[in-house]
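Here are the chains, one letter per residue:
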Amino acid sequence: MGSKLDNIFSSYANSNIFKDKSVLQINYTPETIPHRDKQIEEVASILAPAIKGERVSNLFCFGKTGTGKTLSVQYVTKEILKRVSDSGADNLKVVYLNCKLKKIADTEYRILAEIISALGESVPATGLPTDAVYSKFIEIIERKKQLILIVMDEIDQAVKKISDGFLYNLTRLNSELKNAQISLVGISNSLTFMDNIDPRVRSSLGEEEIIFAPYNALQLQDILRERAAQAFTEGVLDEGVFSKCAAFAAREHGDARRALDLLRVAGELAEREGSKKLTMEFIDKANNKIERDKMLDIIENEPRQHQLVLYSIINLAGKEKDGVFTGNVYNKYQEFCQKTKVEILTQRRVSDIIAEFDMLGLINVDVISRGRMGRTREIKLMIPINLQPKAKEILETALTI
DNA sequence: GTCAATTCACATGAAAGAGACCACGGTCTAGTG
DNA sequence: CTAGACCGTGGTCTCTTTCATGTGAATTGACGA
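Residues numbered from 1 in each chain as written. Chains lettered and ligands numbered in written order. Predicted model: local features only at pLDDT ≥ 70, side-chain atom pairs only at ≥ 80, totals over all residues. Heavy atoms only, no water.

**A few points about the overall build of chain A**
Link 1 in the chain: In terms of helices and strands, chain A carries 16 helices and eight strands.
Link 2 in the chain: Dimensions along the principal axes, computed over C-alpha positions, put chain A at roughly 65 × 60 × 45 Å.
Link 3 in the chain: Of all 401 residues assigned to chain A, the portion counted as buried reaches 45%.
Link 4 in the chain: A separation of at least 24 residues holds for 70% of the contacts in chain A among residues at least 6 apart in sequence.
Link 5 in the chain: Surface exposure of chain A reaches about 20,700 Å², of which carbon and sulfur atoms provide 50%.
Link 6 in the chain: Separation between the mean location of the 56 positive side-chain charges and that of the 56 negative ones in chain A comes to 4 Å. (Helix = DSSP H or I, 4+ residues; strand = E, 2+ residues; numbered from the N terminus. Buried < 20%, exposed > 50% of the residue type's maximum accessible area, 1.4 Å probe, protein only. Contact = heavy atoms within 4.5 Å. Areas by Shrake-Rupley, 256 points an atom, 1.4 Å probe, with all protein chains shown as cover. Lys, Arg positive; Asp, Glu negative; His and termini not counted. Charge placed at Lys NZ, Arg CZ, Asp CG, Glu CD.)

See below:
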(Lines give C-alpha, C1' and ligand atoms only; values in the text may rest on other atoms or scores of the structure.)
Protein backbone atom coordinates (compact mmCIF):
# COMPACT_ATOMS: atom_id res chain seq x y z
CA MET A 1 0.00 0.00 0.00
CA GLY A 2 2.65 2.42 1.10
CA SER A 3 4.76 1.71 -1.94
CA LYS A 4 1.84 2.49 -4.18
CA LEU A 5 1.47 5.88 -2.60
CA ASP A 6 5.21 6.30 -2.78
CA ASN A 7 4.96 5.84 -6.48
CA ILE A 8 2.23 8.38 -6.86
CA PHE A 9 3.96 10.96 -4.74
CA SER A 10 7.39 10.45 -6.15
CA SER A 11 6.20 10.59 -9.73
CA TYR A 12 4.48 13.79 -8.84
CA ALA A 13 7.47 15.23 -7.09
CA ASN A 14 9.82 14.26 -9.86
CA SER A 15 7.68 15.57 -12.61
CA ASN A 16 9.11 18.74 -13.93
CA ILE A 17 6.50 19.75 -16.40
CA PHE A 18 5.53 22.96 -14.67
CA LYS A 19 7.84 25.68 -13.63
CA ASP A 20 5.13 27.93 -12.30
CA LYS A 21 1.61 26.73 -12.80
CA SER A 22 -0.07 29.79 -11.38
CA VAL A 23 0.74 31.65 -14.57
CA LEU A 24 -1.90 29.60 -16.29
CA GLN A 25 -4.54 30.04 -13.64
CA ILE A 26 -7.51 32.20 -14.55
CA ASN A 27 -6.91 34.83 -11.94
CA TYR A 28 -3.33 35.46 -12.98
CA THR A 29 -2.70 38.93 -14.31
CA PRO A 30 0.10 38.98 -16.84
CA GLU A 31 2.63 41.77 -17.18
CA THR A 32 1.90 42.34 -20.79
CA ILE A 33 -1.19 41.89 -22.82
CA PRO A 34 -0.27 41.05 -26.38
CA HIS A 35 -2.34 42.30 -29.30
CA ARG A 36 -4.49 44.56 -27.20
CA ASP A 37 -2.37 47.70 -27.32
CA LYS A 38 -4.91 49.67 -29.25
CA GLN A 39 -7.76 48.89 -26.90
CA ILE A 40 -5.68 49.55 -23.83
CA GLU A 41 -4.68 52.92 -25.17
CA GLU A 42 -8.28 53.75 -25.84
CA VAL A 43 -9.39 52.71 -22.40
CA ALA A 44 -6.55 54.65 -20.88
CA SER A 45 -7.29 57.82 -22.74
CA ILE A 46 -10.91 57.67 -21.76
CA LEU A 47 -10.23 56.96 -18.12
CA ALA A 48 -7.27 59.30 -17.81
CA PRO A 49 -9.15 62.19 -16.15
CA ALA A 50 -9.73 59.88 -13.19
CA ILE A 51 -6.16 60.49 -12.15
CA LYS A 52 -7.16 63.96 -11.16
CA GLY A 53 -10.35 62.72 -9.63
CA GLU A 54 -12.42 64.22 -12.41
CA ARG A 55 -15.45 62.44 -13.69
CA VAL A 56 -14.80 60.31 -16.73
CA SER A 57 -17.20 59.31 -19.45
CA ASN A 58 -19.12 56.15 -18.93
CA LEU A 59 -17.43 53.45 -20.90
CA PHE A 60 -18.65 50.31 -22.49
CA CYS A 61 -16.53 47.39 -23.62
CA PHE A 62 -17.93 44.72 -25.88
CA GLY A 63 -16.44 41.45 -26.92
CA LYS A 64 -16.76 37.71 -26.54
CA THR A 65 -15.41 35.87 -23.52
CA GLY A 66 -11.66 35.60 -23.33
CA THR A 67 -10.88 38.53 -25.56
CA GLY A 68 -9.05 40.44 -22.89
CA LYS A 69 -11.73 42.95 -21.94
CA THR A 70 -11.54 42.43 -18.25
CA LEU A 71 -7.80 42.19 -18.30
CA SER A 72 -7.37 45.42 -20.21
CA VAL A 73 -9.71 47.37 -18.00
CA GLN A 74 -8.16 46.00 -14.86
CA TYR A 75 -4.72 46.77 -16.16
CA VAL A 76 -5.61 50.37 -16.89
CA THR A 77 -7.40 50.94 -13.61
CA LYS A 78 -4.48 49.46 -11.75
CA GLU A 79 -2.08 51.80 -13.49
CA ILE A 80 -4.32 54.74 -12.74
CA LEU A 81 -4.60 53.81 -9.09
CA LYS A 82 -0.86 53.48 -8.91
CA ARG A 83 -0.39 56.99 -10.22
CA VAL A 84 -3.05 58.37 -7.95
CA SER A 85 -1.50 56.90 -4.86
CA ASP A 86 1.94 58.06 -6.01
CA SER A 87 0.68 61.59 -6.09
CA GLY A 88 -0.67 61.12 -2.60
CA ALA A 89 -4.29 61.82 -3.41
CA ASP A 90 -7.10 59.50 -2.55
CA ASN A 91 -10.02 60.91 -4.40
CA LEU A 92 -10.55 57.85 -6.56
CA LYS A 93 -12.16 54.58 -5.71
CA VAL A 94 -12.39 51.74 -8.16
CA VAL A 95 -15.01 49.13 -7.51
CA TYR A 96 -14.87 45.97 -9.52
CA LEU A 97 -17.97 43.84 -9.70
CA ASN A 98 -18.32 40.58 -11.48
CA CYS A 99 -21.99 40.29 -12.20
CA LYS A 100 -21.71 36.71 -13.32
CA LEU A 101 -21.11 35.43 -9.83
CA LYS A 102 -24.58 34.64 -8.75
CA LYS A 103 -24.17 35.59 -5.14
CA ILE A 104 -23.13 39.09 -6.05
CA ALA A 105 -25.48 40.35 -8.59
CA ASP A 106 -28.83 39.06 -9.28
CA THR A 107 -30.72 41.83 -7.64
CA GLU A 108 -30.35 45.55 -7.47
CA TYR A 109 -30.04 45.21 -3.74
CA ARG A 110 -27.07 42.89 -3.91
CA ILE A 111 -25.23 44.95 -6.43
CA LEU A 112 -25.50 47.94 -4.16
CA ALA A 113 -24.52 45.88 -1.16
CA GLU A 114 -21.50 44.64 -3.02
CA ILE A 115 -20.43 48.12 -4.04
CA ILE A 116 -20.83 49.31 -0.50
CA SER A 117 -18.79 46.50 0.93
CA ALA A 118 -16.13 47.13 -1.69
CA LEU A 119 -15.98 50.65 -0.31
CA GLY A 120 -15.21 49.24 3.07
CA GLU A 121 -18.58 49.53 4.70
CA SER A 122 -21.12 46.83 5.13
CA VAL A 123 -24.81 46.27 4.81
CA PRO A 124 -26.88 43.28 5.79
CA ALA A 125 -27.31 40.60 3.18
CA THR A 126 -31.02 41.08 3.25
CA GLY A 127 -33.75 42.60 5.29
CA LEU A 128 -33.40 46.25 4.42
CA PRO A 129 -35.59 48.18 2.04
CA THR A 130 -33.78 48.88 -1.21
CA ASP A 131 -34.08 52.62 -0.94
CA ALA A 132 -32.53 52.50 2.50
CA VAL A 133 -29.52 50.87 0.92
CA TYR A 134 -29.49 53.56 -1.72
CA SER A 135 -29.41 56.33 0.80
CA LYS A 136 -26.71 54.59 2.74
CA PHE A 137 -24.71 54.31 -0.45
CA ILE A 138 -25.13 57.98 -1.17
CA GLU A 139 -24.21 58.89 2.35
CA ILE A 140 -21.02 56.86 2.18
CA ILE A 141 -19.74 58.29 -1.03
CA GLU A 142 -20.80 61.83 -0.28
CA ARG A 143 -18.47 62.06 2.68
CA LYS A 144 -15.84 63.60 0.54
CA LYS A 145 -15.09 64.81 -2.92
CA GLN A 146 -14.18 61.79 -4.91
CA LEU A 147 -14.77 59.79 -8.03
CA ILE A 148 -16.23 56.34 -7.77
CA LEU A 149 -15.41 54.23 -10.76
CA ILE A 150 -17.65 51.22 -10.90
CA VAL A 151 -16.52 48.46 -13.20
CA MET A 152 -19.27 46.00 -13.92
CA ASP A 153 -18.06 42.88 -15.57
CA GLU A 154 -20.55 40.77 -17.50
CA ILE A 155 -23.09 43.46 -17.04
CA ASP A 156 -25.41 41.81 -19.51
CA GLN A 157 -25.94 38.98 -17.04
CA ALA A 158 -27.08 41.41 -14.41
CA VAL A 159 -29.42 43.24 -16.70
CA LYS A 160 -30.93 40.00 -17.85
CA LYS A 161 -31.63 39.03 -14.26
CA ILE A 162 -32.89 42.36 -13.09
CA SER A 163 -34.12 45.08 -15.34
CA ASP A 164 -32.07 47.92 -16.70
CA GLY A 165 -33.73 50.11 -14.12
CA PHE A 166 -30.82 50.00 -11.75
CA LEU A 167 -28.47 51.25 -14.42
CA TYR A 168 -30.79 54.15 -14.91
CA ASN A 169 -30.83 54.86 -11.20
CA LEU A 170 -27.09 54.66 -11.04
CA THR A 171 -26.45 56.99 -13.94
CA ARG A 172 -29.02 59.43 -12.69
CA LEU A 173 -27.52 59.49 -9.24
CA ASN A 174 -24.84 61.92 -10.37
CA SER A 175 -27.27 64.79 -10.53
CA GLU A 176 -28.14 64.29 -6.87
CA LEU A 177 -24.57 64.13 -5.72
CA LYS A 178 -22.76 67.20 -4.51
CA ASN A 179 -19.29 65.95 -3.66
CA ALA A 180 -18.79 62.61 -5.24
CA GLN A 181 -19.27 61.54 -8.80
CA ILE A 182 -19.91 58.15 -10.25
CA SER A 183 -18.62 56.76 -13.50
CA LEU A 184 -19.51 53.39 -14.88
CA VAL A 185 -17.50 50.98 -16.90
CA GLY A 186 -19.60 48.20 -18.32
CA ILE A 187 -18.13 45.06 -19.75
CA SER A 188 -20.40 42.88 -21.78
CA ASN A 189 -20.05 39.62 -23.63
CA SER A 190 -23.00 40.20 -25.80
CA LEU A 191 -22.64 42.56 -28.68
CA THR A 192 -26.34 43.07 -28.96
CA PHE A 193 -26.68 43.95 -25.31
CA MET A 194 -27.15 47.65 -25.96
CA ASP A 195 -29.96 47.10 -28.42
CA ASN A 196 -32.55 46.06 -25.92
CA ILE A 197 -32.11 48.41 -23.06
CA ASP A 198 -33.90 51.59 -22.27
CA PRO A 199 -32.86 54.35 -24.69
CA ARG A 200 -32.38 56.81 -21.84
CA VAL A 201 -29.91 54.48 -20.21
CA ARG A 202 -28.27 53.71 -23.50
CA SER A 203 -27.46 57.29 -24.26
CA SER A 204 -26.01 58.05 -20.87
CA LEU A 205 -24.23 54.77 -20.44
CA GLY A 206 -22.75 54.41 -23.86
CA GLU A 207 -20.83 57.65 -23.92
CA GLU A 208 -17.81 55.72 -25.06
CA GLU A 209 -17.69 52.28 -26.58
CA ILE A 210 -14.82 49.99 -27.33
CA ILE A 211 -15.04 46.74 -29.18
CA PHE A 212 -12.72 43.86 -28.49
CA ALA A 213 -12.42 41.62 -31.49
CA PRO A 214 -11.71 37.93 -30.92
CA TYR A 215 -8.12 36.81 -31.16
CA ASN A 216 -7.25 34.88 -34.23
CA ALA A 217 -5.28 31.67 -34.08
CA LEU A 218 -1.93 33.37 -34.59
CA GLN A 219 -2.50 35.88 -31.84
CA LEU A 220 -3.60 33.11 -29.54
CA GLN A 221 -0.36 31.32 -30.26
CA ASP A 222 1.58 34.39 -29.25
CA ILE A 223 -0.28 34.58 -25.99
CA LEU A 224 0.21 30.91 -25.31
CA ARG A 225 3.90 31.07 -26.08
CA GLU A 226 4.42 33.95 -23.76
CA ARG A 227 2.67 32.35 -20.85
CA ALA A 228 4.07 28.93 -21.53
CA ALA A 229 7.58 30.28 -21.34
CA GLN A 230 6.90 31.21 -17.73
CA ALA A 231 4.70 28.31 -16.81
CA PHE A 232 6.51 25.30 -18.20
CA THR A 233 9.98 23.96 -17.89
CA GLU A 234 11.95 24.41 -21.05
CA GLY A 235 11.80 21.68 -23.65
CA VAL A 236 8.65 20.13 -22.28
CA LEU A 237 6.36 21.36 -24.96
CA ASP A 238 6.16 19.98 -28.44
CA GLU A 239 6.16 22.65 -31.07
CA GLY A 240 2.80 21.58 -32.47
CA VAL A 241 1.12 22.05 -29.12
CA PHE A 242 0.70 25.77 -29.50
CA SER A 243 -0.98 25.66 -32.84
CA LYS A 244 -3.23 22.87 -31.73
CA CYS A 245 -4.28 24.68 -28.57
CA ALA A 246 -4.84 27.85 -30.48
CA ALA A 247 -6.84 26.04 -33.10
CA PHE A 248 -9.14 24.54 -30.50
CA ALA A 249 -9.68 27.87 -28.85
CA ALA A 250 -10.07 29.75 -32.09
CA ARG A 251 -12.89 27.44 -32.91
CA GLU A 252 -14.54 28.72 -29.74
CA HIS A 253 -14.60 32.31 -31.00
CA GLY A 254 -10.98 33.03 -30.10
CA ASP A 255 -11.27 32.56 -26.40
CA ALA A 256 -7.86 33.04 -24.83
CA ARG A 257 -9.02 31.87 -21.45
CA ARG A 258 -10.08 28.64 -22.99
CA ALA A 259 -6.73 28.21 -24.70
CA LEU A 260 -4.85 28.73 -21.45
CA ASP A 261 -7.15 26.39 -19.62
CA LEU A 262 -6.49 23.80 -22.23
CA LEU A 263 -2.79 24.17 -21.80
CA ARG A 264 -2.99 23.96 -18.05
CA VAL A 265 -5.20 20.89 -17.96
CA ALA A 266 -3.04 19.22 -20.58
CA GLY A 267 -0.03 19.91 -18.40
CA GLU A 268 -1.76 18.48 -15.37
CA LEU A 269 -2.67 15.37 -17.26
CA ALA A 270 0.87 14.93 -18.49
CA GLU A 271 2.13 15.43 -14.98
CA ARG A 272 -0.26 12.89 -13.60
CA GLU A 273 0.80 10.31 -16.12
CA GLY A 274 4.41 10.97 -15.34
CA SER A 275 5.17 11.97 -18.88
CA LYS A 276 8.30 13.99 -19.53
CA LYS A 277 6.84 15.81 -22.48
CA LEU A 278 3.60 17.50 -23.16
CA THR A 279 2.58 16.09 -26.48
CA MET A 280 -0.34 16.82 -28.73
CA GLU A 281 -2.35 13.91 -27.42
CA PHE A 282 -2.60 15.57 -24.06
CA ILE A 283 -4.26 18.55 -25.66
CA ASP A 284 -6.94 16.30 -27.07
CA LYS A 285 -7.42 14.63 -23.74
CA ALA A 286 -7.57 17.94 -21.98
CA ASN A 287 -10.18 19.20 -24.36
CA ASN A 288 -12.38 16.23 -23.61
CA LYS A 289 -11.82 16.52 -19.93
CA ILE A 290 -12.74 20.16 -19.77
CA GLU A 291 -15.98 19.60 -21.62
CA ARG A 292 -16.77 16.59 -19.55
CA ASP A 293 -16.06 18.12 -16.18
CA LYS A 294 -17.99 21.24 -16.93
CA MET A 295 -21.08 19.38 -17.96
CA LEU A 296 -21.09 16.75 -15.24
CA ASP A 297 -20.49 19.41 -12.69
CA ILE A 298 -23.48 21.37 -13.83
CA ILE A 299 -25.66 18.28 -13.79
CA GLU A 300 -24.60 17.27 -10.33
CA ASN A 301 -25.28 20.65 -8.82
CA GLU A 302 -28.70 21.31 -10.25
CA PRO A 303 -31.59 21.36 -7.79
CA ARG A 304 -33.66 18.24 -7.43
CA GLN A 305 -36.59 19.27 -9.58
CA HIS A 306 -34.27 20.27 -12.38
CA GLN A 307 -32.49 16.98 -12.16
CA LEU A 308 -35.77 15.15 -12.46
CA VAL A 309 -36.63 17.05 -15.60
CA LEU A 310 -33.23 16.38 -17.07
CA TYR A 311 -33.47 12.74 -16.18
CA SER A 312 -36.77 12.54 -17.99
CA ILE A 313 -35.23 14.13 -21.07
CA ILE A 314 -32.30 11.76 -21.06
CA ASN A 315 -34.64 8.83 -20.75
CA LEU A 316 -36.76 9.97 -23.63
CA ALA A 317 -33.92 11.04 -25.89
CA GLY A 318 -32.97 7.53 -26.90
CA LYS A 319 -36.44 6.09 -27.33
CA GLU A 320 -38.62 8.68 -28.95
CA LYS A 321 -38.03 8.43 -32.69
CA ASP A 322 -39.76 11.58 -33.84
CA GLY A 323 -38.20 13.91 -31.35
CA VAL A 324 -38.77 14.89 -27.74
CA PHE A 325 -41.34 17.57 -26.93
CA THR A 326 -42.37 19.46 -23.85
CA GLY A 327 -45.48 17.34 -23.41
CA ASN A 328 -43.54 14.08 -23.49
CA VAL A 329 -41.08 15.36 -21.00
CA TYR A 330 -43.77 16.54 -18.66
CA ASN A 331 -45.53 13.18 -18.66
CA LYS A 332 -42.33 11.32 -18.04
CA TYR A 333 -41.41 13.81 -15.37
CA GLN A 334 -44.68 13.23 -13.54
CA GLU A 335 -43.98 9.53 -13.60
CA PHE A 336 -40.59 9.97 -12.01
CA CYS A 337 -41.97 12.38 -9.47
CA GLN A 338 -44.44 9.81 -8.28
CA LYS A 339 -41.77 7.17 -8.21
CA THR A 340 -39.46 9.29 -6.11
CA LYS A 341 -42.24 10.85 -4.05
CA VAL A 342 -41.38 14.34 -5.11
CA GLU A 343 -43.93 17.05 -5.49
CA ILE A 344 -45.04 17.61 -9.07
CA LEU A 345 -44.54 21.06 -10.49
CA THR A 346 -46.82 22.70 -12.98
CA GLN A 347 -46.18 22.45 -16.67
CA ARG A 348 -45.56 26.16 -16.72
CA ARG A 349 -42.66 25.76 -14.37
CA VAL A 350 -41.24 22.73 -16.13
CA SER A 351 -41.35 24.72 -19.32
CA ASP A 352 -39.12 27.32 -17.74
CA ILE A 353 -36.77 24.68 -16.41
CA ILE A 354 -36.39 23.29 -19.91
CA ALA A 355 -35.55 26.78 -21.12
CA GLU A 356 -32.89 27.03 -18.44
CA PHE A 357 -31.26 23.82 -19.61
CA ASP A 358 -31.15 25.31 -23.06
CA MET A 359 -29.23 28.25 -21.70
CA LEU A 360 -26.79 25.93 -20.00
CA GLY A 361 -26.18 24.12 -23.24
CA LEU A 362 -27.25 20.75 -21.89
CA ILE A 363 -30.03 20.60 -24.41
CA ASN A 364 -30.86 22.43 -27.57
CA VAL A 365 -34.34 23.72 -27.98
CA ASP A 366 -36.30 24.78 -31.01
CA VAL A 367 -39.76 26.22 -30.80
CA ILE A 368 -41.65 24.65 -33.63
CA SER A 369 -45.22 24.60 -34.70
CA ARG A 370 -46.61 21.28 -35.71
CA GLY A 371 -49.78 22.70 -37.11
CA ARG A 372 -52.77 21.04 -35.68
CA MET A 373 -50.44 19.19 -33.36
CA GLY A 374 -49.86 22.49 -31.65
CA ARG A 375 -46.84 24.52 -30.85
CA THR A 376 -44.09 23.13 -28.72
CA ARG A 377 -40.41 22.90 -28.09
CA GLU A 378 -38.39 20.30 -29.86
CA ILE A 379 -35.70 19.16 -27.48
CA LYS A 380 -32.35 17.73 -28.50
CA LEU A 381 -30.00 16.41 -25.89
CA MET A 382 -26.56 18.01 -26.20
CA ILE A 383 -24.74 15.83 -23.71
CA PRO A 384 -22.16 13.91 -25.76
CA ILE A 385 -23.13 10.32 -26.24
CA ASN A 386 -20.15 8.98 -24.33
CA LEU A 387 -21.07 11.06 -21.31
CA GLN A 388 -24.70 10.08 -21.17
CA PRO A 389 -24.28 6.90 -19.13
CA LYS A 390 -22.19 8.78 -16.62
CA ALA A 391 -24.70 11.62 -16.50
CA LYS A 392 -27.50 9.18 -15.99
CA GLU A 393 -25.61 7.53 -13.20
CA ILE A 394 -25.02 10.81 -11.45
CA LEU A 395 -28.68 11.67 -11.65
CA GLU A 396 -29.75 8.28 -10.41
CA THR A 397 -27.57 8.51 -7.33
CA ALA A 398 -28.65 12.05 -6.67
CA LEU A 399 -32.30 11.18 -7.02
CA THR A 400 -32.04 7.70 -5.54
CA ILE A 401 -33.98 6.14 -8.35
C1' DG B 1 -57.95 23.65 -56.12
C1' DT B 2 -57.94 27.97 -53.23
C1' DC B 3 -58.63 30.69 -49.26
C1' DA B 4 -59.74 32.05 -44.74
C1' DA B 5 -61.12 30.32 -40.35
C1' DT B 6 -60.24 27.04 -36.82
C1' DT B 7 -57.65 24.54 -33.64
C1' DC B 8 -54.07 22.41 -31.17
C1' DA B 9 -50.47 22.34 -27.56
C1' DC B 10 -47.94 24.59 -25.93
C1' DA B 11 -44.91 29.36 -25.51
C1' DT B 12 -44.50 33.46 -23.16
C1' DG B 13 -45.78 37.20 -19.73
C1' DA B 14 -47.35 39.22 -15.58
C1' DA B 15 -48.68 39.04 -11.06
C1' DA B 16 -48.86 37.26 -6.87
C1' DG B 17 -48.17 33.70 -3.00
C1' DA B 18 -45.39 30.75 0.15
C1' DG B 19 -41.61 30.03 2.92
C1' DA B 20 -36.94 31.13 4.16
C1' DC B 21 -33.90 34.53 5.63
C1' DC B 22 -32.59 38.76 7.99
C1' DA B 23 -32.37 43.49 10.47
C1' DC B 24 -34.45 46.47 13.47
C1' DG B 25 -36.71 47.98 17.57
C1' DG B 26 -39.12 46.97 21.59
C1' DT B 27 -39.88 43.98 25.61
C1' DC B 28 -38.58 40.68 28.98
C1' DT B 29 -35.23 38.34 31.95
C1' DA B 30 -31.47 37.69 34.75
C1' DG B 31 -27.33 39.19 36.56
C1' DT B 32 -24.87 43.10 38.76
C1' DG B 33 -23.98 46.92 41.88
C1' DC C 1 -29.82 49.40 36.18
C1' DT C 2 -28.13 47.22 32.19
C1' DA C 3 -26.66 43.52 28.90
C1' DG C 4 -28.36 40.01 26.50
C1' DA C 5 -32.24 36.82 25.10
C1' DC C 6 -36.43 36.83 22.78
C1' DC C 7 -40.25 38.29 20.05
C1' DG C 8 -43.01 40.77 16.28
C1' DT C 9 -42.76 43.51 12.21
C1' DG C 10 -41.43 44.54 7.88
C1' DG C 11 -38.44 43.98 4.29
C1' DT C 12 -35.94 40.86 0.40
C1' DC C 13 -35.11 36.50 -2.23
C1' DT C 14 -36.16 32.31 -4.55
C1' DC C 15 -39.17 29.14 -6.32
C1' DT C 16 -43.52 28.35 -7.70
C1' DT C 17 -48.54 28.79 -9.02
C1' DT C 18 -52.36 31.17 -11.29
C1' DC C 19 -54.31 33.59 -14.77
C1' DA C 20 -53.98 35.53 -19.37
C1' DT C 21 -52.62 36.12 -23.78
C1' DG C 22 -49.98 34.81 -28.02
C1' DT C 23 -48.73 31.93 -31.99
C1' DG C 24 -47.60 29.20 -36.59
C1' DA C 25 -48.98 25.84 -39.49
C1' DA C 26 -51.93 21.50 -40.31
C1' DT C 27 -56.67 20.88 -40.87
C1' DT C 28 -61.18 21.97 -42.07
C1' DG C 29 -64.88 23.55 -44.60
C1' DA C 30 -66.90 26.89 -47.70
C1' DC C 31 -66.52 28.54 -52.12
C1' DG C 32 -65.71 29.03 -57.01
C1' DA C 33 -63.75 27.06 -61.33
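**Observations concerning the packing of helix H4 (residues 108–118) against helix H5 (residues 130–141)**
Angle between the axes and distance between the axes are the two parameters that describe a pair of packed helices.
Link 1 in the chain: Between H4 and H5, whose axes approach to 10 Å, the crossing angle comes to 25°. By the criterion of interaxial angle, the relationship of H4 to H5 is roughly parallel. Pair H4 / H5 crosses with left-handed handedness. Contacts between H4 and H5 involve Glu-108, Tyr-109, Leu-112, Ile-115 and Ile-116 on the former and, on the latter, Thr-130, Val-133, Tyr-134, Lys-136, Phe-137 and Ile-140.
Link 2 in the chain: Each residue belonging to the contact of H4 with H5 can be placed in one class, and the counts come to eight nonpolar, one polar and two charged. (Axes fitted to C-alpha atoms, helices over the stretch in contact; angles between N-to-C directions. Parallel < 35°, antiparallel > 145°, perpendicular 65-115°, else oblique. Left-handed = near helix turned anticlockwise from the far one by under 90°. Nonpolar A, V, L, I, M, F, W, Y, C, P; charged D, E, K, R; others polar.)

**So, the protein's contact with DNA strand C**
Link 1 in the chain: The immediate surroundings of DNA strand C are formed by 20 residues, with Thr-107, Thr-346, Ser-369, Gly-371 and Arg-375 found nearest.
Link 2 in the chain: Per the 4 Å cut-off to the protein, sugar and phosphate atoms form 71% of the nearby atoms of DNA strand C.
Link 3 in the chain: Within the contact set of DNA strand C, a base nitrogen lies 2.7 Å away from a side-chain nitrogen or oxygen of Ser-369.
Link 4 in the chain: One nitrogen or oxygen atom from the main chain of Arg-372 is found 3.2 Å from a sugar or linking oxygen belonging to DNA strand C.
Link 5 in the chain: Broken down by secondary-structure element, the contributors of at least two residues to the surface near DNA strand C are H4 and helix H15 (347–360).
Link 6 in the chain: Residues that form the surface near DNA strand C fall into these classes: five nonpolar, nine polar and six charged. (Near = heavy atom within 4 Å. Polar contact = N/O pair within 3.5 Å; in protein donor to acceptor, adjacent residues only side chain to side chain.)

**Some points on the packing of aromatic side chains**
Link 1 in the chain: One pass over the structure, following the stated rule, counts three aromatic pairs.
Link 2 in the chain: Stacked on the ring of Tyr-215, the Lys or Arg Arg-36 has its end atom at 4.3 Å from the ring centre. (Phe/Tyr/Trp six-rings, centres within 6.5 Å; stacked < 30°, edge-to-face > 60°. Lys NZ or Arg CZ within 6 Å of the ring centre and 35° of its normal.)

**What about the pattern of salt bridges?**
Link 1 in the chain: Throughout the structure, instances matching the rule amount to twelve salt bridges.
Link 2 in the chain: Between Lys-244 and Asp-284 there is a salt bridge, with the nearest N and O atoms lying 3.0 Å from each other. In this pair, Lys-244 is assigned in helix H10 (residues 239–251) and Asp-284 in helix H12 (residues 280–301), connecting sequence segments 40 residues apart.
Link 3 in the chain: On the basis of relative accessibility, which here comes to 23%, the residue Lys-244 falls in the partly exposed class.
Link 4 in the chain: Residue Asp-284 is classed as partly exposed on the basis of its relative accessible area, which comes to 31%.
Link 5 in the chain: For Glu-268, the salt bridge identified is with Arg-264, shortest N-O distance 3.3 Å. Remark: Arg-264 and Glu-268 occur in helix H11 (residues 256–272); sequence separation between them is four residues, near one turn of the helix.
Link 6 in the chain: Residue classification places Arg-264 among the buried residues on the basis of a relative accessible area of 14%.
Link 7 in the chain: Each of Glu-79, Lys-82 and Arg-83 takes part in a single network of salt bridges with overlapping partners. (Salt bridge = Lys/Arg side-chain N within 4 Å of Asp/Glu carboxyl O.)

**Some details on a nonpolar patch on the surface**
Link 1 in the chain: A surface patch of nonpolar side chains, amounting to about 300 Å² of accessible area, comprises Leu-5, Ile-8 and Phe-9.
Link 2 in the chain: If you trace the backbone, Phe-9 turns up in helix H1 (residues 2–14). (Patch = residues over 30% accessible without salt bridge, like charges linked within 9 Å, V, L, I, M, F, W, Y side chains within 5 Å.)

**Comments concerning the sheet that holds strand S2 (residues 92–98)**
Link 1 in the chain: Spatial strand order, S2-S3-S4-S1-S5: five strands in an open sheet with parallel pairing. Looking at the sheet topology across the chains shown, the edges are occupied by S2 and strand S5 (208–211). On average, each strand axis in the sheet is tilted by 15° relative to the strand beside it, whichever way the strands run.
Link 2 in the chain: As paired elements, S2 and strand S3 (residues 147–153) share seven bridges and run parallel to each other. (Pairing = 2+ DSSP bridges.)

**Focus on the sheet that holds strand S6 (residues 324–325)**
Link 1 in the chain: Judged by pairing direction, the sheet is antiparallel, and its three strands sit side by side in the order S6-S8-S7 without closing on themselves. Strand pairing shows two members of the sheet lacking a second neighbour, S6 and strand S7 (363–369), which therefore form its edges.
Link 2 in the chain: With two bridges connecting them, S6 and strand S8 (residues 375–381) associate as antiparallel partners. What sits directly across from Phe-325, in S8, is Glu-378.

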